[in-house]
Amino acid sequence: GVWNNVVIRGDLYDVRIGSNTSIGDNTTIHTAASLPTGMPATVEIGESTVIMNDCTLYSCTIGNNVYIGHNTVVLEGAKIESGAMIAPNSVIPPGRYVPAKQYWAGNPIEYVRDLEASEVYSIEQLSYAHRDLITEYSSEFFEHSPAYLKKESTEEDLEPSSKTIYHLNE
(Lines give C-alpha, C1' and ligand atoms only; values in the text may rest on other atoms or scores of the structure.)
Protein backbone atom coordinates (compact mmCIF):
# COMPACT_ATOMS: atom_id res chain seq x y z
CA GLY A 1 0.00 0.00 0.00
CA VAL A 2 0.97 3.58 -0.52
CA TRP A 3 0.53 5.82 2.53
CA ASN A 4 0.00 9.59 2.81
CA ASN A 5 1.97 12.23 0.89
CA VAL A 6 3.96 9.72 -1.16
CA VAL A 7 5.31 11.03 -4.46
CA ILE A 8 5.90 8.48 -7.24
CA ARG A 9 7.34 10.00 -10.41
CA GLY A 10 7.75 7.68 -13.34
CA ASP A 11 7.86 10.40 -15.96
CA LEU A 12 11.28 9.39 -17.34
CA TYR A 13 11.28 5.61 -16.74
CA ASP A 14 8.98 3.00 -15.23
CA VAL A 15 8.37 2.57 -11.52
CA ARG A 16 7.26 -1.00 -10.67
CA ILE A 17 5.99 -1.88 -7.20
CA GLY A 18 5.25 -5.49 -6.21
CA SER A 19 2.22 -6.74 -4.30
CA ASN A 20 2.00 -6.48 -0.50
CA THR A 21 4.62 -3.74 -0.53
CA SER A 22 4.21 -0.86 1.91
CA ILE A 23 5.54 2.60 1.09
CA GLY A 24 5.55 4.90 4.13
CA ASP A 25 4.40 8.50 4.54
CA ASN A 26 6.33 11.28 2.79
CA THR A 27 8.44 8.91 0.69
CA THR A 28 9.62 10.06 -2.73
CA ILE A 29 10.26 7.63 -5.58
CA HIS A 30 11.62 8.97 -8.86
CA THR A 31 13.77 8.07 -11.83
CA ALA A 32 16.92 9.55 -13.34
CA ALA A 33 17.32 10.45 -16.99
CA SER A 34 20.05 7.78 -17.30
CA LEU A 35 22.49 5.70 -15.30
CA PRO A 36 26.26 5.79 -15.82
CA THR A 37 26.18 2.01 -16.35
CA GLY A 38 23.91 2.36 -19.38
CA MET A 39 21.21 0.28 -17.63
CA PRO A 40 17.62 1.56 -17.67
CA ALA A 41 17.03 4.07 -14.88
CA THR A 42 13.86 2.39 -13.62
CA VAL A 43 12.73 1.82 -10.04
CA GLU A 44 11.93 -1.81 -9.27
CA ILE A 45 10.48 -2.70 -5.86
CA GLY A 46 9.75 -6.36 -5.17
CA GLU A 47 6.92 -8.04 -3.30
CA SER A 48 6.33 -7.89 0.47
CA THR A 49 8.84 -5.08 0.89
CA VAL A 50 8.48 -2.46 3.63
CA ILE A 51 9.74 1.06 2.96
CA MET A 52 9.27 3.19 6.06
CA ASN A 53 8.45 6.92 6.25
CA ASP A 54 10.47 9.79 4.73
CA CYS A 55 12.60 7.69 2.38
CA THR A 56 13.93 8.69 -1.03
CA LEU A 57 14.38 6.08 -3.77
CA TYR A 58 16.11 7.18 -6.95
CA SER A 59 16.41 4.78 -9.93
CA CYS A 60 17.23 1.71 -7.85
CA THR A 61 16.33 -1.98 -7.61
CA ILE A 62 14.92 -3.44 -4.41
CA GLY A 63 14.19 -7.16 -4.08
CA ASN A 64 11.42 -9.06 -2.30
CA ASN A 65 11.02 -9.02 1.51
CA VAL A 66 13.32 -6.04 2.02
CA TYR A 67 13.03 -3.65 4.98
CA ILE A 68 14.18 -0.06 4.51
CA GLY A 69 14.22 2.02 7.71
CA HIS A 70 12.89 5.55 8.17
CA ASN A 71 14.60 8.46 6.40
CA THR A 72 16.82 6.27 4.22
CA VAL A 73 18.11 7.46 0.84
CA VAL A 74 18.72 4.90 -1.92
CA LEU A 75 20.59 6.48 -4.83
CA GLU A 76 20.74 5.64 -8.53
CA GLY A 77 21.90 2.23 -9.63
CA ALA A 78 21.85 0.78 -6.10
CA LYS A 79 20.64 -2.81 -5.86
CA ILE A 80 19.28 -4.37 -2.68
CA GLU A 81 18.79 -8.14 -2.85
CA SER A 82 15.84 -10.03 -1.35
CA GLY A 83 15.65 -10.41 2.41
CA ALA A 84 18.00 -7.51 3.19
CA MET A 85 17.44 -4.97 5.95
CA ILE A 86 18.60 -1.34 5.92
CA ALA A 87 18.78 0.63 9.19
CA PRO A 88 17.01 3.98 9.60
CA ASN A 89 18.82 7.17 8.47
CA SER A 90 21.08 5.27 6.09
CA VAL A 91 22.39 6.44 2.72
CA ILE A 92 23.00 3.90 -0.02
CA PRO A 93 25.46 5.44 -2.49
CA PRO A 94 25.07 5.18 -6.27
CA GLY A 95 25.77 1.71 -7.64
CA ARG A 96 26.06 0.04 -4.22
CA TYR A 97 25.13 -3.65 -4.02
CA VAL A 98 23.54 -5.05 -0.84
CA PRO A 99 23.56 -8.89 -0.79
CA ALA A 100 20.55 -10.94 0.30
CA LYS A 101 19.78 -11.54 3.98
CA GLN A 102 22.20 -8.97 5.35
CA TYR A 103 21.79 -5.99 7.69
CA TRP A 104 23.45 -2.72 6.60
CA ALA A 105 23.55 0.71 8.29
CA GLY A 106 25.20 4.14 8.16
CA ASN A 107 26.05 7.02 5.87
CA PRO A 108 27.34 5.60 3.59
CA ILE A 109 26.01 2.17 4.47
CA GLU A 110 28.33 -0.52 5.74
CA TYR A 111 27.81 -4.21 6.39
CA VAL A 112 26.75 -4.93 9.98
CA ARG A 113 25.85 -8.64 10.10
CA ASP A 114 23.95 -11.49 8.46
CA LEU A 115 20.25 -11.75 9.29
CA GLU A 116 18.70 -14.71 11.06
CA ALA A 117 15.98 -16.61 9.18
CA SER A 118 13.42 -15.35 11.72
CA GLU A 119 14.36 -11.72 10.94
CA VAL A 120 13.87 -12.26 7.21
CA TYR A 121 10.52 -13.91 7.92
CA SER A 122 9.48 -10.98 10.13
CA ILE A 123 9.91 -8.58 7.18
CA GLU A 124 7.30 -10.47 5.19
CA GLN A 125 4.97 -10.60 8.19
CA LEU A 126 5.39 -6.85 8.69
CA SER A 127 4.41 -6.24 5.06
CA TYR A 128 1.18 -8.20 5.62
CA ALA A 129 0.45 -6.23 8.79
CA HIS A 130 0.96 -2.97 6.87
CA ARG A 131 -1.34 -4.24 4.11
CA ASP A 132 -4.08 -4.92 6.65
CA LEU A 133 -3.58 -1.53 8.29
CA ILE A 134 -3.81 0.37 5.02
CA THR A 135 -6.95 -1.55 4.04
CA GLU A 136 -8.54 -0.63 7.35
CA TYR A 137 -7.31 2.97 7.11
CA SER A 138 -8.50 3.49 3.54
CA SER A 139 -11.96 2.08 4.33
CA GLU A 140 -12.53 5.11 6.58
CA PHE A 141 -12.69 7.26 3.45
CA PHE A 142 -15.25 5.21 1.51
CA GLU A 143 -18.85 6.38 1.51
CA HIS A 144 -19.96 2.77 1.88
CA SER A 145 -18.07 0.10 3.77
CA PRO A 146 -16.01 -2.31 1.62
CA ALA A 147 -16.88 -5.15 4.02
CA TYR A 148 -18.71 -6.93 1.19
CA LEU A 149 -15.31 -7.64 -0.37
CA LYS A 150 -14.49 -9.99 2.52
CA LYS A 151 -17.70 -12.05 2.14
CA GLU A 152 -17.22 -15.61 0.91
CA SER A 153 -19.12 -16.48 -2.28
CA THR A 154 -21.93 -19.01 -1.91
CA GLU A 155 -24.49 -20.72 -4.13
CA GLU A 156 -27.14 -18.38 -2.71
CA ASP A 157 -25.37 -15.53 -4.48
CA LEU A 158 -26.18 -17.14 -7.85
CA GLU A 159 -29.94 -17.39 -7.29
CA PRO A 160 -31.79 -14.31 -6.07
CA SER A 161 -34.29 -15.22 -3.40
CA SER A 162 -37.55 -13.56 -2.49
CA LYS A 163 -35.77 -12.09 0.55
CA THR A 164 -33.37 -10.12 -1.63
CA ILE A 165 -35.87 -8.74 -4.14
CA TYR A 166 -37.17 -5.33 -3.25
CA HIS A 167 -40.32 -3.87 -4.76
CA LEU A 168 -40.75 -0.12 -5.02
CA ASN A 169 -44.54 -0.34 -4.49
CA GLU A 170 -44.31 -1.94 -1.04
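Before reading on, note that the structure itself is shown above.
Description of the structure in this document. (Residues numbered from 1 in each chain as written. Predicted model: local features only at pLDDT ≥ 70, side-chain atom pairs only at ≥ 80, totals over all residues. Heavy atoms only, no water.)

## A look at the sheet that holds strand E13 (residues 91-92)
- Taken together, 5 strands build an open sheet; the order of strands is E1-E4-E7-E10-E13 and the sheet is parallel. Since the sheet does not close on itself, it has two edges, and those belong to strand E1 (7-9) and E13, each with one partner.
- In terms of strand pairing, strand E4 (residues 28-30) meets strand E7 (residues 56-58) through 3 bridges, oriented parallel. Bridge pairing in E7 links Ile29 to Leu57. (Pairing = 2+ DSSP bridges. Helix = DSSP H or I, 4+ residues; strand = E, 2+ residues; numbered from the N terminus.)

## Observations regarding unusual backbone geometry
- For the bond running from Asn107 to Pro108, omega is -5°, close enough to zero to count as cis.
- Here Pro108 lies in the loop between strand E15 (102-106) and strand E16 (109-114).
- You will see that Asn65, though not glycine, has its phi angle at about 55°, which is positive.
- For Asn65, the location among the structural elements is in the loop between strand E8 (61-62) and strand E9 (67-68).

## What to know about the layout of surface pockets
- The volume enclosed by the largest pocket comes to roughly 230 Å³.
- Around the largest pocket, the lining is made up of 15 residues, and of these Leu35, Thr37, Met39, Pro40 and Gly77 lie nearest the centre. (1 Å grid on protein atoms, 1.4 Å probe; cavity = no way out; pocket = protein on both sides within 12 Å on 5 of 7 lines; lining within 4 Å. Points joined across faces, edges and corners; volume = space filled by probe spheres on them.)

## Focus: the nonpolar core
- Membership of the largest hydrophobic core comes to 21 residues, with the highest contact counts inside it found for Ile45, Leu57, Ile62, Ile68, Val74 and Ile80.
- Those residues in contact with Ile68 that sit more than four places away from it in its chain are Val50, Ile51, Met52, Cys55, Leu57, Ile62, Val74, Ile80 and Ile86. (Core = buried A, V, L, I, M, F, W, Y, C linked by side-chain atoms within 4.5 Å. Buried < 20%, exposed > 50% of the residue type's maximum accessible area, 1.4 Å probe, protein only. Contact = heavy atoms within 4.5 Å.)

## Re the pairing of E16
- In terms of strand pairing, E15 meets E16 through 5 bridges, oriented antiparallel. Of the residues in E16, the one forming a bridge with Ala105 is Glu110.
- Here E15 folds back onto E16 in antiparallel fashion, the turn holding 2 residues.

Any link to function would need more than the numbers given here.
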